[in-house]
Amino acid sequence: MNPKPVSPELIKATINFHGHSCPGLAIGIRASELAMDRFGRSLDEEIVAIVETDMCAVDAIQFLTGCTFGKGNLIHLDYGKSAFTFHSRLDGKSIRIVARPNAIADPDDDLIALRTKKLKKELSVSEQKRLKKATAERTKQIMEADIDKLFDIKPSQGPVPRKARVLESLICRECGEATMESRTRRLFGQTLCTSCFETLENRFKI
Ligand SMILES: [Zn+2]
Ligand SMILES: [Zn+2]
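Residues numbered from 1 in each chain as written. Chains lettered and ligands numbered in written order. Predicted model: local features only at pLDDT ≥ 70, side-chain atom pairs only at ≥ 80, totals over all residues.

1. Some words on the overall build of the chain
Convention followed: Going along the chain from the N terminus, every DSSP run of H or I of four or more residues is numbered as a helix, and every run of E of two or more is numbered as a strand. Radius of gyration: over C-alpha atoms. The globule rule applied is 2.2 Å multiplied by the number of residues raised to the 0.38 power. Buried residues are those with 20 or more other C-beta atoms within 10 Å of their own C-beta, exposed residues have 12 or fewer, and partly exposed residues lie in between; C-beta atoms are placed from the backbone. Residues are defined as contacting one another if the C-beta atoms placed from their backbone atoms lie within 7 Å.
In terms of regular secondary structure, the chain is built from seven helices and nine strands. Scaling as 2.2 N^0.38, a compact globule of 206 residues should have a C-alpha radius of gyration of about 17 Å, whereas the chain reaches 21 Å, well beyond that. Its C-alpha atoms put the chain at 60 × 50 × 30 Å along the principal axes. Expressed as a percentage of its 206 residues, the buried residues of the chain come to 28%. Taking contacts inside the chain between residues at least 6 apart in sequence as the whole, the part at least 24 apart equals 64%.

Listed below in structure tokens is the structure:
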């Protein structure tokens, strides 16, 4: 059964937040639908999202589910997969929502050629229109598809992430900037921030 769809107003606000409408954002909106159906929206940090991509979809997830990078309840794993795990700290339940390989239909040769041209900034006006139309069509397909055609729901992998800790800051001996304790390094008995540590490390070829 399909979960309650995101309202047209919220979809519009999500597109505004992201900057454009695209198939990737549509995947994020539909995954958020599923997550919010199970867990609701994260008002504070009670829901944690673990995203395995850093592409467009994640903007929809942050905006709609309330799992955000800054709050510490959005964790990025650089696996390059359209897979999104949601974990509730309230009841300990988790789901991993994985986009099916054919959720975003494979681009045909024409679309691949158009995208390549776009990267090289060689698109003519009529080609630009064709690319825009094809992209809009794919976005619409995703927004209208049955949810179980788009995603597989799997058990979550790995341990549940800990709550974000607020740590003390230390002052870097080189630049004098306050740095979160867990991100500081020690060199010749001095406390350094990571960037100064790496600069000195390079200079002395340690
Ligand atoms: Zn996008
Ligand atoms: Zn420093």
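Don't stop here, the text continues.
2. Some thoughts on the domain arrangement of the chain
Our working rule: An automatic or database domain assignment is the source of the domain bounds shown.
Assigned domains within the chain: domain 1 (8–103 + 145–154) and domain 2 (169–204). One C-alpha centre belongs to domain 1, the other to domain 2, and the line joining them spans 36 Å.

3. As for the nonpolar core
We apply this condition: We define the nonpolar core as any set of buried residues of the types Ala, Val, Leu, Ile, Met, Phe, Trp, Tyr and Cys, connected via C-beta atoms lying within 7 Å of each other.
By size, the foremost hydrophobic cluster in this structure holds 31 residues, and its most contacted members are Ala31, Ala49, Ile61 and Phe84. The dominant element in this core, judged by the number of residues it contributes, is helix H2 (residues 23–39), at eight residues. Apart from residues lying up to four places away in sequence, Ala31 is in contact with Ala57, Ile61, Phe84, Ile97 and Phe151. If you look at the next biggest cluster of nonpolar residues, it comprises five residues, including Cys172, Leu192, Cys193 and Phe197.

4. Here we look at unusual backbone geometry
Of note in this structure, Lys121 is not a glycine but carries a positive phi near 55°. Along the chain, Lys121 turns up in the loop between helix H4 (109–119) and helix H5 (125–144). By the C-beta count within 10 Å, which is 6 here, Lys121 ends up exposed. Notably, Phe188 is not glycine yet its phi reads approximately 50°, a positive angle. When you line up the elements, Phe188 lands in the loop between strand E8 (185–187) and strand E9 (190–192). A count of 9 C-beta atoms within 10 Å places Phe188 in the exposed class.

5. Digging into the sheet that holds strand E5 (residues 151–154)
Quick note on the threshold: Two strands are said to pair when DSSP picks up at least two bridges between them. Axis angles are defined between N-to-C directions and span 0 to 180 degrees, where every axis is a line fitted to C-alpha atoms and, for a helix, only to the segment in contact.
Read from one edge to the other, the open sheet built from five strands follows the order E2-E1-E3-E4-E5, with strand pairing classed as mixed. The open sheet is flanked by strand E2 (74–76) and E5, the only strands paired with a single partner. Taken over all neighbouring pairs, the strand axes of this sheet differ in orientation by 20° on average, direction set aside. Two elements, strand E1 (residues 47–51) and strand E3 (residues 83–88), share five bridges in a ladder whose sense is antiparallel.

6. Let's talk about the packing of helix H1 (residues 8–18) against helix H3 (residues 57–65)
Convention followed: An angle below 35 degrees is read as roughly parallel, one above 145 as roughly antiparallel, one from 65 to 115 as roughly perpendicular, and any other as oblique. Less than a right angle of anticlockwise turn of the near helix away from the far helix marks a crossing as left-handed, whereas a clockwise turn marks it as right-handed.
Running from N to C, H1 and H3 cross one another at 125°; their axes reach a closest spacing of 10 Å. Here H1 lies oblique to H3, going by the angle between them. As for the relative orientation of H1 and H3, their crossing is right-handed in sense. For the pair H1 and H3, the contacting residues are Leu10, Thr14, Phe17 and His18 in the first and Asp59, Ala60, Phe63 and Leu64 in the second.

7. Details of the confidence of the model for the chain
Atom-level detail of predicted coordinates should not be read off regions where pLDDT is low. Threshold: The predictor attaches a confidence to each residue, called pLDDT, with possible values from 0 through 100.
Of the residues in the chain, 96% reach a pLDDT of 70 or more, and the chain-wide mean stands at 91. Across the chain, the secondary-structure element scoring lowest on mean pLDDT is H4, at 87, and the one scoring highest is H3, at 98.

8. Some words on the packing of H2 against H3
Threshold: In this count, Pro and Cys sit with the nonpolar residues alongside Ala, Val, Leu, Ile, Met, Phe, Trp and Tyr, while Asp, Glu, Lys and Arg are called charged and the others, Gly among them, polar.
One way to put it is that H2 packs onto H3 with a least axis distance of 7 Å and a crossing angle of 35°. Seen along the crossing, H2 lies across H3 with a hand that is right-handed. Here Gly24, Leu25, Ile27, Gly28, Ile29, Ala31, Ser32, Ala35 and Met36 of H2 lie close against H3, whose contacting residues are Ala57, Val58, Asp59, Ala60, Ile61, Leu64 and Thr65. Grouping the constituent residues of the contact of H2 with H3 by class yields eleven nonpolar, four polar and one charged.

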